Amino acid sequence: MKLEEGDEFVAEALGEDTIILKKINLRVLLEDEIEKAKSIDLDQLEREIGEESNQLARQRFKVSHR
């Protein structure tokens with residue numbers, strides 16, 4: 001498995017007494033996520049969050065649409 005000191009793993013529970021360890025390269029995972037984040041349209045994201053929060057508030061307080 002070519003394990004070395006300092007290797008990073010993620011643990012997944014399969015049941016009450018079983019786990020799986022998966023070797024990961026955290027640097028590569030973070031670099032990939034950073035590249036994805038660069039393409040996010042923050043203005044669009046803000047609009048979507050606003051719309052979603054308004055919808056949730058209308059449902060919670062039983063306010064009808066105009």
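Fair warning: this is a prediction, and the values are worked out from it, not measured in the lab.

Draft legend 1. Broad picture of helix α1 (residues 26-38). For α1, built from 13 residues, the straight-helix expectation of 18 Å at 1.5 Å per residue is met to within 8% by its first-to-last C-alpha distance of 18 Å. Between a side-chain oxygen at the N-terminus of α1 and the backbone nitrogen of R27 the separation is 3.2 Å; the capping residue is N25.

Draft legend 2. How the structure looks around the pairing of strand β2 (residues 19-24). Note that strand β1 (residues 8-13) and β2 share 6 bridges and pair antiparallel. Bridge assignment links E8 to a residue of β2, and that residue is I24. Here β1 hands over to β2 after 5 residues, the two strands then running antiparallel side by side.

Draft legend 3. Broad picture of the environment of V10. When you line up the elements, V10 lands in strand β1. With 30 residues separating them along the chain, V10 and I40 place their C-alpha atoms 27 Å apart. When residues no more than four places from it in sequence are discounted, the contact partners of V10 are I20, L21, K22 and I24.

Here is what the cut-offs are and how they apply
Counting restarts for each chain, with residues numbered from 1 along the sequence as it is written. Under the rules for a predicted model, residues below a pLDDT of 70 receive no local features and side-chain atom pairs below 80 are neither given nor counted, while totals for whole chains, interfaces and linings still include all residues. Remark: hydrogens and water are excluded; side-chain values derive from all non-hydrogen atoms of the structure. A run of H or I in DSSP counts as a helix once it spans at least four residues, and a run of E counts as a strand once it spans at least two, with each numbered from the N terminus. Here a helix's expected span is defined as the number of its residues, less one, multiplied by 1.5 Å. Identification of polar contacts relies on pairs of N or O atoms within 3.5 Å, with a donor-acceptor requirement for protein atoms, meaning one able to donate a hydrogen and the other able to accept it, and with residues adjacent in sequence counted only if both atoms are side-chain atoms. When DSSP finds two or more bridges between a pair of strands, those strands are recorded as paired. Contacts are assigned to residue pairs that have any heavy atoms within 4.5 Å of one another.

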